[in-house]
Amino acid sequence: MSKTPDYVKYAAGIVPSERQIKWQETEFYAFVHFGMNTFTDSEWGSGNEDVDLFSPDELDCRQWAKLCKLAGMKGMILTAKHHDGFCLWQTEYTDHSVKSSKWRDGKGDVVAECAAACREFGLKFGIYVSPWDRHEDSYGEGKKYDEFFINQLKELCSNYGELFCVWFDGACGVGAGGKKQAYDWQSYYDVVRELQPGAVISISGPDVRWCGNEMGVGRSSEWSVVPYYHCVHYAEQAANDPSLTKPPKKINPTALDLGSRSVIKDCNKLIWYPAEVDVSLRKGWFYHPSDEYTVKTLQKLMNIYYDSVGANANLLLNISPMPSGKMHERDIDALLSMGAQLEIDFNENLAEDSVMTDNRHLDEEHTGQHILNDDPDSYWHSGDDPEGSELVLDIGDEYDIDKVVLGEHIATGQQIEKYALYAMVDGKWKKLEKGTVIGYKRICRFKEIRVRYFKLVIEQARCFATISKFECY
Ligand code: FUL
């Protein structure tokens, strides 16, 4: 048994918080960009828009939620306020909101309607709220603006039920007074933690990492344990902590390798910071009539799904309701096709009543057979000599299969660094796929084969290896 270096042991001990695990299980959910920009055909408003421009005559949040559900999603995040500062809820702290508009005599509240629709359709609900506010006069004045933002955040975190996510954008431009604001992130996080302890704080926050692009492209090795400086929150703290490894001069969010041994070796503070892939169904985030022909094809959407959810990232797919407050027919078709395709692709798990054997396990509570039930906390554990451990699945008969879904028991960390998947073809083990990260979920896709036995080999791992998911379709 080779000796595990200390930095690898350290990485192996980094585990997700309860809220990060719940978030990871949400897998696929919607972004909804709807607001003043929907009515001005723009992506970034100036903040000077007339509040009466906002007038969705047929607002139908139930339609959005129903479509998300049918598309196979488990949640929705609404832009409660974008950079233009117009608020979709009944806020007490600015007159740049639905409350001051003629729409529904100033009584409308899109956040409330969305939250209710999500509850009705069994979706989790979250909010996007932009700290960059181009309308608010106090923006750029330090404490005064922080107080204003915190008050708004308190409304959003108190009045709309349970939130699974508060999504903070990193964008920070100048405001109405020509100044930039230095955000007091810590005090924003404190509000969310106090009022919504179950919610992850995403992107400009400590819980969820931006994958680095808005094109729906995840990494083939998407590590969840990465150096601290990939998170603004920890990077800011590091400035006052000389004991921490200095961040590189330029932190590149698009770098291909964020967490292999060669990267983590040189950093003395690592964090659990899993990736989210955000991408829009259309070209823009908000609705534009001219984007009609940019709605992504089913094939493109499925590839995005497999390269994100299937590669240890979550997928945040944006939808853009029209000024009427409804979804365009093209978008409806795309979402329904995607939901149908997911149903077809994951119709029946053929590994359900199978037999799983292993060549080693920690104890009788963690044999290979423990993988094959629905309980995410029942799993196989290699014991402390993971390299060369093997799991063999016997599904009892030959079936046509083109996908195997694997997953580690992430509550005990991310351990696997190299794996290979084989199928028994004509009496011989044929290698179907090899890779690095498995993480929460890895969907292995291959040309359909008729097969009864699969074998997973753990070629390299940190301190041990676990598997809690092994499904065949
Ligand atoms: C960006 C924003 O500037 C875009 O308008 C959009 O909301 C996207 C999701 O985040 O930073």
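Below: a short report on this structure.

Each value, and the rule that gives it
- Residues numbered from 1 in each chain as written.
- Predicted model: local features only at pLDDT ≥ 70, side-chain atom pairs only at ≥ 80, totals over all residues.
- Heavy atoms only, no water.
- Near = heavy atom within 4 Å.
- Polar contact = N/O pair within 3.5 Å; in protein donor to acceptor, adjacent residues only side chain to side chain.
- Areas by Shrake-Rupley, 256 points an atom, 1.4 Å probe, with all protein chains shown as cover.
- 1 Å grid on protein atoms, 1.4 Å probe; cavity = no way out; pocket = protein on both sides within 12 Å on 5 of 7 lines; lining within 4 Å.
- Sits in = over half its atoms within 2 Å of the grid points.
- Nonpolar A, V, L, I, M, F, W, Y, C, P; charged D, E, K, R; others polar.
- Patch = residues over 30% accessible without salt bridge, like charges linked within 9 Å, V, L, I, M, F, W, Y side chains within 5 Å.
- Salt bridge = Lys/Arg side-chain N within 4 Å of Asp/Glu carboxyl O.
- Lys, Arg positive; Asp, Glu negative; His and termini not counted.
- Charge placed at Lys NZ, Arg CZ, Asp CG, Glu CD.
- Buried < 20%, exposed > 50% of the residue type's maximum accessible area, 1.4 Å probe, protein only.
- Helix = DSSP H or I, 4+ residues; strand = E, 2+ residues; numbered from the N terminus.
- Points joined across faces, edges and corners; volume = space filled by probe spheres on them.
- Expected span 1.5 Å × (residues − 1).
- Contact = heavy atoms within 4.5 Å.
- Disulfide = S-S within 2.5 Å.

## Some points on the site of the ligand
As a structural note, the neighbourhood of the ligand is formed by F31, H33, W44, H82, H83, Y128, D169, E214 and W285. Note that an oxygen atom of the ligand is positioned 2.7 Å from one of the side-chain N or O atoms of D169. Protein chains shield 89% of the accessible area of the ligand, which is 300 Å² for the free molecule. If you map the ligand onto the pockets, it falls in the second largest pocket. Partitioned by chemical class, the residues of the shell around the ligand number 4 nonpolar, 3 polar and 2 charged.

## Side note on a negative patch on the surface
Together, E348, E352, D353, D374, D375 and D377 give the surface a local cluster of negative charge. With a relative accessible area of 45%, E352 lands in the partly exposed category.

## Observations regarding unusual backbone geometry
One can expect most non-glycine residues to show negative phi and most peptide bonds to be in trans. Residues other than glycine seldom take positive phi values, yet D41 does so here, at roughly 60 degrees. Checked against the element boundaries, D41 lands in the loop between α3 (36-40) and α4 (61-70). Residue D41 is classed as partly exposed on the basis of its relative accessible area, which comes to 45%. With phi around 50 degrees, D426 is a residue other than glycine that occupies positive phi space. Secondary-structure assignment places D426 in the loop between β14 (416-425) and β15 (428-435). Look at D426 and you get exposed, because its relative accessible area is 76%.

## What about empty space enclosed by the protein?
Throughout the structure, instances matching the rule amount to 1 cavity of 30 Å³ or more. Lining of the largest cavity is provided by F34, G35, M36, N37, T79, A80, K81, H82, D84, F86, L88 and F286. Secondary-structure elements contributing two or more residues to the lining of the largest cavity are α3 and β2 (75-81). For the lining of the largest cavity, a count of residues per class yields 6 nonpolar, 4 polar and 2 charged.

## Some details on helix α11 (residues 329-345)
Here α11 spans 24 Å end to end across 17 residues, near enough to the 24 Å set by a 1.5 Å rise per residue. The complete set of buried residues in α11 reads D331, I332, A334, L335, M338, G339, L342 and D345. For α11, the secondary structure elements touched by its buried residues are β1 (28-32), α4, α10 (298-308), β10 (313-319) and β13 (389-407).

## A short note on the state of the cysteines
Tallying each qualifying case throughout the model produces 0 disulfides. Cysteine C68 remains unbridged, with the sulfur of C118 as its closest cysteine sulfur at 7.2 Å. Considering cysteine sulfurs only, C165 is the nearest to C211, which forms no disulfide, with 14 Å between them.

Purely spatial values, then, with no claim about function.
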